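Below are the chains, spelled out letter by letter.
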Amino acid sequence: MKIDFAKYADGLVPAVIQDYTTNKVLMLGFMNDEALKKTEELGLVTFYSRSKNRLWTKGEESGNHLQLRQILVDCDNDTLLIKAEPKGPVCHTGADTCWSEKNHKDDFLYYLEDIIRLRRTSNDETSYVRKLFGKGINKIAQKVGEEAVEVVIEAKDVNQELFLNEAADLLFHYLILLQAKGSSLSEVIDVLKQRHQPK
């Protein structure tokens, strides 16, 4: 990995920080050769801070470190992509990212929630989701019940593929039911977190 630190007058190259698990872009920092070596040595993402005029390991004050997982360099050898595991909020404001985006570990389910929301209000009359919402809460709740029964039936069988497909159907319709009730997956997760608190 050869990085062209001399390309820029200050000897710093941009370092895009990405969550290793979710692929969400977390922040942008700058590194010189010394910062990169320190990052590799510590296993913690370390930048050259232009405001402090020194090396700065992310989380050295807050404890919200970025655990190094992978370092990639772009095709021009002048920009780094650092894949890391965040140990807490990344932004100094307390947000998950410096763009105030949520960084959910199970991001696909939140993405699916957004798709359901879009389909619910779409003009596509062939949309299954839109049709189901059009039938009302009783039909949506009934559908969740039907899918739950099918999961139970498949759980007693030995076909893992059928079981997983029925489980996916149940989860999908459960997300629809949550939206029909004006709730969200994050609210359910909050309840589970509260229950998980030690007594």
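Cut-offs applied
- Residues numbered from 1 in each chain as written.
- Predicted model: local features only at pLDDT ≥ 70, side-chain atom pairs only at ≥ 80, totals over all residues.
- Heavy atoms only, no water.
- Axes fitted to C-alpha atoms, helices over the stretch in contact; angles between N-to-C directions.
- Helix = DSSP H or I, 4+ residues; strand = E, 2+ residues; numbered from the N terminus.
- Parallel < 35°, antiparallel > 145°, perpendicular 65-115°, else oblique.
- Left-handed = near helix turned anticlockwise from the far one by under 90°.
- Contact = heavy atoms within 4.5 Å.
- Nonpolar A, V, L, I, M, F, W, Y, C, P; charged D, E, K, R; others polar.
- Buried < 20%, exposed > 50% of the residue type's maximum accessible area, 1.4 Å probe, protein only.
- Pairing = 2+ DSSP bridges.
- Salt bridge = Lys/Arg side-chain N within 4 Å of Asp/Glu carboxyl O.

If you check an unreviewed UniProt entry, the protein appears there as Histidine biosynthesis bifunctional protein HisIE from Paraflavisolibacter caeni.

S.K.: Before we move on, could you go through the packing of helix α2 (residues 107-120) against helix α5 (residues 160-180) and cite the residues and values that matter?
M.R.: Two elements in contact, α2 and α5, have axes separated by 10 Å at closest approach and are oriented at 60°. The angle between α2 and α5 places the two elements in the oblique class. In the crossing of α2 with α5, the sense of the turn from one axis to the other is right-handed. Note on element contacts: α5 touches α2 through Leu171, Phe172, Leu175, Ile176, Gln179 and Ala180, opposite Leu109, Leu112, Glu113, Ile116, Arg117 and Arg120. Each residue belonging to the contact of α2 with α5 can be placed in one class, and the counts come to 8 nonpolar, 1 polar and 3 charged.

S.K.: So what's going on with unusual backbone geometry? Which residues, and what values?
M.R.: In the Ramachandran plot, Asn53 falls in the positive-phi region, its phi being about 55° despite a non-glycine side chain. Tracing the backbone through its elements, the reader meets Asn53 in the loop between β3 (46-49) and β4 (54-57). Unusually for a residue other than glycine, Asn77 sits at a positive phi of about 60°. You can see Asn77 is positioned in the loop between β5 (66-73) and β6 (80-86).

S.K.: Explain the pairing of strand β1 (residues 13-19) residue by residue, including any values.
M.R.: Every other side chain in a regular strand lies on the same face of the sheet, so the side chains alternate between the two faces. The element β1 is extensively covered by neighbouring structure, given that 6 of its 7 residues are classed as buried. The pairing of β1 with strand β2 (residues 25-31) spans 6 bridges and is classified as antiparallel. The residue bridging Val13 from the neighbouring strand is Met31, located in β2. Taking the residues between adjacent antiparallel strands as the criterion, β1 and β2 are bridged by 5 residues, where Asn23 takes a positive phi near 70°.

S.K.: Go over the pattern of salt bridges, please, and point to the residues and values.
M.R.: Between side chains of opposite charge, pairing is possible as soon as their charged atoms come close. Applying the stated criterion to the full structure yields 8 salt bridges. We note a salt bridge from Lys37 to Asp33, for which the minimum N-O separation is 3.0 Å. On the criterion of helical spacing, the pair formed by Lys37 and Asp33 is a turn pair, its members being 4 residues apart in helix α1 (residues 33-42). A salt bridge links Glu147 to Lys143, with the shortest nitrogen-to-oxygen separation between them at 3.5 Å. Here Lys143 and Glu147 lie together in helix α4 (residues 137-155), a separation of 4 residues that amounts to about one turn.

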